[in-house]
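Read off the chains here:
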Amino acid sequence: MEKNNIKMEKIHNSMGSCLLCFLFAPRSFILVLIVFALFLQMMPGSGMAQERAVQVSTGRFEPGKAHIYLMPELKAGQTVYVYGANRSGNFDPFVALANPELDEATLAETFEQRVVKARKEGRDPLIVVPKVADEFFLAWDDDDGKGHAAALEYTIASDGDYKLLVGGSPFSPGQGEFTLTVGLNAPEVLEGISQPTQDNIAMLIRVGMSDQATFAVQELTANITKKTPDRFYALQDVEAGDSFYAYVEAASGDLKPILRLVDFGGKLVGSGNMGGTDTHAGLQYTFAEQGTDYLLWVESCCEGKTLTTGAYRLQLGLNAPGVLEAGGAEATVPKVLEEPIEVKVGIQMDQITGVDQKAENFGVVSTLRMEWRDRKLAFNPDSCNCRFKTFHGNSFAQFATANHTIWPEYMLFNQQGRRATHNLTAVVFSDGNVILIERFSVTLQAPDFNFTKFPFDTQKFFIRVRSVFPDKFFVFSNPEELSSVGTQLGEEEWVIKEWSTEVETIEGNSQYSFRFLSNRHLTFYVVRFFAPVLIIILVSWFTFFLKDYGKRVDVASANLLIFIAFNFTISNSLPRLGYLTLMDVILVSTFIITALVVMLNVWLKRMEVTRGESTANNIDKYSIWLYPLLYLAGFVIIGYLFAGPGGP
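Calculation notes
- Residues numbered from 1 in each chain as written.
- Predicted model: local features only at pLDDT ≥ 70, side-chain atom pairs only at ≥ 80, totals over all residues.
- Heavy atoms only, no water.
- Pairing = 2+ DSSP bridges.
- Helix = DSSP H or I, 4+ residues; strand = E, 2+ residues; numbered from the N terminus.
- Axes fitted to C-alpha atoms, helices over the stretch in contact; angles between N-to-C directions.
- Buried < 20%, exposed > 50% of the residue type's maximum accessible area, 1.4 Å probe, protein only.
- Arc of directions from axis to C-beta.
- Contact = heavy atoms within 4.5 Å.
- 1 Å grid on protein atoms, 1.4 Å probe; cavity = no way out; pocket = protein on both sides within 12 Å on 5 of 7 lines; lining within 4 Å.
- Points joined across faces, edges and corners; volume = space filled by probe spheres on them.
- Phe/Tyr/Trp six-rings, centres within 6.5 Å; stacked < 30°, edge-to-face > 60°.
- Lys NZ or Arg CZ within 6 Å of the ring centre and 35° of its normal.

### As for the sheet that holds strand E12 (residues 243-250)
Then, number 1: The 4 strands are arranged E10-E17-E12-E15 in an open sheet whose pairing can be described as antiparallel. Each of the sheet's edge strands pairs with one partner strand only, and the pair in question is strand E10 (216-224) and strand E15 (280-286). For this sheet, the mean inter-axis angle between neighbouring strands, taken without regard to orientation, is 15°.
Then, number 2: One ladder, built from 7 bridges, connects E12 with E15; its direction is antiparallel. The residue of E15 that forms the bridge with Tyr245 is Gln284.

### Some thoughts on the pairing of strand E18 (residues 341-356)
Then, number 1: Across 4 bridges, the pairing between E18 and strand E25 (residues 474-477) is parallel. Residue pairing across strands places Val343 opposite Phe476, the latter belonging to E25.
Then, number 2: Connecting E18 to the antiparallel partner strand E19 (residues 361-373) that follows it, the hairpin turn spans 4 residues, and Glu360 within it adopts a positive phi of roughly 55°.

### Description of the environment of Trp407
Then, number 1: By the secondary structure assignment, Trp407 is in the loop between helix H6 (395-402) and strand E21 (410-412).
Then, number 2: Considering only alpha carbons, one finds Trp407 and Phe469, 62 residues apart in sequence, at a separation of 8.9 Å.

### A word on H6
Then, number 1: Turning to H6, its buried residues number three or more, namely Phe396, Phe399 and Ala400. Buried residues of H6, viewed axially, fall in a sector of 100°; they line one side. In this structure, H6 carries Gln398, Thr401 and Ala402 as exposed residues pointing more than 90 degrees from its buried face.
Then, number 2: Against the buried residues of H6 lie E19, strand E20 (388-392), strand E22 (415-429) and strand E23 (433-445).

### Comments concerning the layout of surface pockets
Then, number 1: In this structure, the largest pocket occupies an estimated 1,100 Å³ of space.
Then, number 2: Lining of the largest pocket is provided by 39 residues; of these, Gln236, Asp237, Glu338, Glu339 and Arg375 occupy positions nearest its centre.
Then, number 3: Each pocket or cavity is described by its volume, and for the second largest pocket that value is around 710 Å³.
Then, number 4: In terms of lining residues, the second largest pocket is bounded by 29 residues, among which Arg60, Glu177, Asp237, Thr292 and Lys376 are the most central.

### What about the sheet that holds strand E5 (residues 139-141)?
Then, number 1: Read from one edge of the open sheet, 5 strands run E5-E4-E7-E2-E9, paired in antiparallel fashion. Each edge of the sheet is formed by a strand with only one pairing partner; in this case those strands are E5 and strand E9 (203-207). Taken pair by pair, the neighbouring strands of this sheet meet at an average axis angle of 20°, ignoring direction.
Then, number 2: Pairing between strand E2 (residues 67-74) and E9: 4 bridges, direction antiparallel. Counterpart to Leu70 in the pairing with E9 is Met203.

### Digging into the packing of aromatic side chains
Then, number 1: Under the counting rule described, the total for this entry stands at 26 aromatic pairs.
Then, number 2: Here Trp407 and Tyr410 contribute two aromatic rings whose centre-to-centre distance is 6.4 Å and whose plane-to-plane angle is 85°, an arrangement assigned as edge-to-face. Tyr410 matches Trp407 in its accessibility class, with the two residues each being buried.
Then, number 3: Both rings, one in Phe461 and one in Trp494, keep their centres 5.6 Å apart while their planes meet at 80°; by these two values the pair is edge-to-face. Placement of Phe461 in strand E24 (residues 458-467) and of Trp494 in strand E27 (residues 494-506) is noted, with a sequence separation of 33 residues between them. Each of the two residues, Phe461 as well as Trp494, counts as buried.
Then, number 4: Ring pairs connect the aromatic residues Phe362, Phe449, Phe451, Phe461, Trp494, Trp499, Phe514 and Phe516, which therefore count as one cluster.
Then, number 5: Looking at Arg419, its charged tip hangs above the ring of Phe440, at a distance of 5.9 Å from the centre.
Then, number 6: Positioned over the ring face of Phe462 is Arg464, at 4.0 Å from the centre of the ring.

Given below as structure tokens:
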């Protein structure tokens, strides 16, 4: 090749030095020179013999689905230039040129086995991967372009067809859209700035390492009710040429289901049983191009008429025509529907700002943490030379909207009034992982308050976080490490006994609940209520040793007023309940016993006047011991009723 180039250079120089010969040479000589020049263009290795051609195409990469292109009828001496660059997401492109005999399935299996084996043996994958690539490919590249872009150059040695593979980097494949630039004799392609020509150099022959199309069958059941007359299901992204099948049949009731398949714009592309005449429906649709955000609706028949209701069985298939045979296909591990995104939720409760028993609410200062992964939020690290992006306030919602996706918006379901957000920060990593943290203070409802055993009651408090979107899009989970309780809550009356978290589905929406149980500090009630009441009861008992029944009446009457004051004090701290609390029963008991004491002493005083002192004293000697026994029996009965096995 060098000799040819030297020879051509000499000829070109001689032709340049004799340019004036063309003006004065005979026509025959000029003709000879033209023929000779054409001959030079046809010589192998001549730069003049090669025509420039550039093709630019785009695609979307999903993990495990390499794009296979055919480059037909390449000629020896042609130089192939390939440049693969990220367009969206965190896709890190890898490009390779191979002989047409390459078996991609064998390549994938061999590659995985050798890498796994190397890791088990403690060898460096950075050494193993290039060796495997050199074995299977004529040329390959991962990061020789700008940033993480891939760029390769290869001179064709012999005429024939070749394969071009575009996949993800073995070390960090990612996912997203890419731009593929392929050029013949166009070295500027390696700079990623080449202008395309009208040539078709590389033709996409399939997506995936096998000729077999993705096969998946999924089955599920649900109910159609008058409250929920329709349900929808989001399909996974599909490739051009994939065929989708759906079959639904009523399992109970008078249901006559309708099937509707709509695209991302809500346009109807497929349907079944639209007239609502049958108890089953089926549809088939083949995607002409790569599709995303398709929805399948199962509806009750019919709008404007009496809706039919009941349970149904739905079977979905991708490239599985057996689904239309009365839903007789066997379910597979690969799914047809888009799986909901799992959102890890946790709350750190830092402070209890107050508990309002009368209003049945409480205030907290807490930190909410959410973690999830959405491939649509992935980005190319080359775009910012960063591993993550940070957003504050509403800027994250705007970022999600710009990426044509939704995020797990939430509400505090038992919130009262406005929530004061002190800080809202979201960190988005290049692979689409998101960490969102909100620190807030809020007043929350506490409808589960039960004051029956007041002040020995244990109350349940909840912070409920509910997803705005149905569980078809987001499902909450509650890893224990994301939730905690602060060490200085700042609430003196209450002591947290235990806490826990739970996740449930409420009316089709996922809900996370932070639950904690709290007891009261009893010192206040012992010192301010029980001790004074006990002292008053003892003082009242001591008066029984007096023989002046009139004085006894005065003391007992004064005690009634004291107990009434206690009753007002307690009632001011509680709502107007429709049931009696333990404190109410104790106060009512003291009212009754004190009233009985007043009546007894009045009766004894009257008996002393009418029948004599001795008769009154004979009766009074029993009342001295009956009084404490009556209180003791009353407290035992109350304790059994409220704290025993049959208590509230």
